[in-house]
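# Fold and geometry: a report
In case you want the letters, here they are:
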Amino acid sequence: MKRLLFGIGVALILGNLPVWAADPKVMLESAVREYQEALNTTRADLRLERFKRAQRLFAQVIEGQKIENADLYVNFSNAAIQARDIGNAILAYKRALAVQPGHKRARQNLDHARELLPDWVPRPKGQSLFDTFFFWQGTFSRSARSLAAALSFALAGILIALAVRWRWPWARNSAILPILIWLGLGGLPFWSSDDSGEAVVTASEVTAQSADSGGAPPRFSEPLPGGTEVQILERRNPWAHIRLADGRTGWVRTSALTLVGTPKL
């Protein structure tokens, strides 16, 4: 297995934790230490257990403090991969990219995690033409994009107001640029495909049925393994109608899925 890019950004995570949050900082340091010790462990069963422990500690920091930090998600994912939990690893890599689309380690390690899935599992395609056109938005964090979008919208509003009040053509024309920036940052979700139903199979595997019934015939010849990325088309509790990256659809139990955008489905 290729060595994952782990450890970069730990200092940044520690710096972003609240000053009063001594326990999470200690827990994060313990998670890093557990991961490093696992790397140096030769006994297979003990090595696996230490990676699982590191994964749990990273998860407790994320969930306990409600932290959205790309580096922390990546470190959790790296521990999850080593703990053979591909589903939660891919989920957290995708969450890291949602927070910081240009995060190099998250993108590189996500591609590596996808390679660990069986060959028949479809992978999402690369960037769309729209994503490529707005490539620069991936260099900013989520908070930075929101701030830039708000400032661009405000500037466009001021220029348009000046154009209406004083009939200044230059103000009207100048408003075009901040409007385009706002569309590329704050307006991006309205132009791009709806990803509110983006999810990952986080169970070890799940059988996709041809209908929302346990008695329906299987949709595919093999169960979907953990780490399969899907789009939720419809929910009929306790079932979800999903679409794979290659367009094929099926029904699975919602308990086997986790939404990328929220902690739980």
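These numbers come from a predicted model, not from an experiment.

## A word on helix α3 (residues 44-65)
An ideal rise of 1.5 Å per residue puts 32 Å on 22 residues; α3 measures up with 32 Å between its terminal C-alpha atoms. In the stretch just after α3, Lys66 is the one whose phi turns positive, near 55°.

## Description of the side chain of Glu198
Assignment of secondary structure puts Glu198 in strand β1 (residues 198-201). In this structure the side chain of Glu198 is engaged in a polar contact, spanning 2.6 Å, whose partner is the side chain of Lys94. In this structure Glu198 touches Lys94, Val230, Gln231, Leu259 and Val260, once residues within four positions along its chain are discounted.

## Some details on the sheet that holds strand β7 (residues 257-259)
Here five strands make up an open sheet; going across it, the order is β6-β5-β4-β1-β7 and the pairing antiparallel. Strands at the two margins of the open sheet, each flanked by one partner only, are β6 (249-253) and β7. Direction aside, the axes of adjacent strands within the sheet are offset by 45° on average. Judged from the three bridges that link them, β1 and β7 form a sheet pairing that is antiparallel. When the bridges of β7 are listed, Val200 appears paired with Thr258. The strands that helix α5 (residues 86-99) touches are β1, β4 (229-236) and β7; relative to β1, the one it contacts most, it runs at about 155°.

## Remarks on the packing of aromatic side chains
Any pair of aromatic rings gets described here by the distance separating the centres and the angle formed by the planes. In the structure shown here, the tally under the stated rule is three aromatic pairs. Geometrically, the ring pair formed by Trp166 and Trp168 is stacked, given 5.9 Å between the ring centres and 20° between the ring planes. You can call Trp166 partly exposed: its relative accessible area is 47%. Within the aromatic cluster, the residues linked to one another by ring pairs are Trp166, Trp168 and Trp170. Taking the ring centre of Trp166 as reference, the NZ or CZ of Arg165 above it sits at 4.4 Å.

## So, the environment of Ala83
Structurally, Ala83 is set in the loop between α4 (70-82) and α5. Take Ala83: its relative accessible area is 6%, and that puts it in the buried class. For the pair formed by Ala83 and Phe51, sequence separation is 32 residues and the distance between their alpha carbons is 5.2 Å. For Ala83, the residues in contact, after removing those within four places along its chain, are Leu48, Phe51, Lys52 and Gln55.

## Here's the deal with unusual backbone geometry
Cis geometry is found at the peptide bond from Asn237 to Pro238, where omega equals 5°. Relative to the helices and strands, Pro238 is located in the loop between β4 and β5 (239-244). At Arg84, a residue that is not glycine, the phi angle is positive and equals roughly 65°. In this structure, Arg84 sits in the loop between α4 and α5. In this structure, Arg167 is a non-glycine residue whose phi angle is positive, near 55°. Position of Arg167 relative to the elements: it lies in the loop between α8 (142-166) and α9 (169-174).

## Structural notes on a nonpolar patch on the surface
Together, Ile160, Val164 and Ile179 make up an exposed nonpolar region whose accessible area comes to about 250 Å². Tracing the backbone through its elements, the reader meets Ile179 in helix α10 (residues 176-184).

## Topic: the confidence of the model for the protein
Mean pLDDT over the protein stands at 82; residues scoring 70 or higher make up 78%. When pLDDT is averaged over each element of the protein, strand β3 (residues 224-225) comes out on top at 98 and helix α7 (residues 129-133) at the bottom at 43. Within the model, pLDDT remains below 50 along residues 128-136, and this stretch shows eight contacts once partners closer than five positions in the same chain are excluded. A low-confidence stretch, residues 188-195 stays under pLDDT 50, and its non-local contacts, those more than four residues away or across chains, total eight contacts.

## Description of α5
Look at α5: 20 Å from first C-alpha to last across 14 residues, which is about the 20 Å you get at 1.5 Å a residue. Buried residues dominate α5, accounting for 12 of its 14 residues. For α5, the complete set of buried residues consists of Ile86, Gly87, Ala89, Ile90, Leu91, Ala92, Tyr93, Lys94, Arg95, Ala96, Leu97 and Val99.

Calculation rules
- Residues numbered from 1 in each chain as written.
- Predicted model: local features only at pLDDT ≥ 70, side-chain atom pairs only at ≥ 80, totals over all residues.
- Heavy atoms only, no water.
- Helix = DSSP H or I, 4+ residues; strand = E, 2+ residues; numbered from the N terminus.
- Expected span 1.5 Å × (residues − 1).
- Polar contact = N/O pair within 3.5 Å; in protein donor to acceptor, adjacent residues only side chain to side chain.
- Contact = heavy atoms within 4.5 Å.
- Pairing = 2+ DSSP bridges.
- Axes fitted to C-alpha atoms, helices over the stretch in contact; angles between N-to-C directions.
- Phe/Tyr/Trp six-rings, centres within 6.5 Å; stacked < 30°, edge-to-face > 60°.
- Buried < 20%, exposed > 50% of the residue type's maximum accessible area, 1.4 Å probe, protein only.
- Lys NZ or Arg CZ within 6 Å of the ring centre and 35° of its normal.
- Patch = residues over 30% accessible without salt bridge, like charges linked within 9 Å, V, L, I, M, F, W, Y side chains within 5 Å.
- Areas by Shrake-Rupley, 256 points an atom, 1.4 Å probe, with all protein chains shown as cover.
- Salt bridge = Lys/Arg side-chain N within 4 Å of Asp/Glu carboxyl O.
- pLDDT = per-residue confidence, 0-100.

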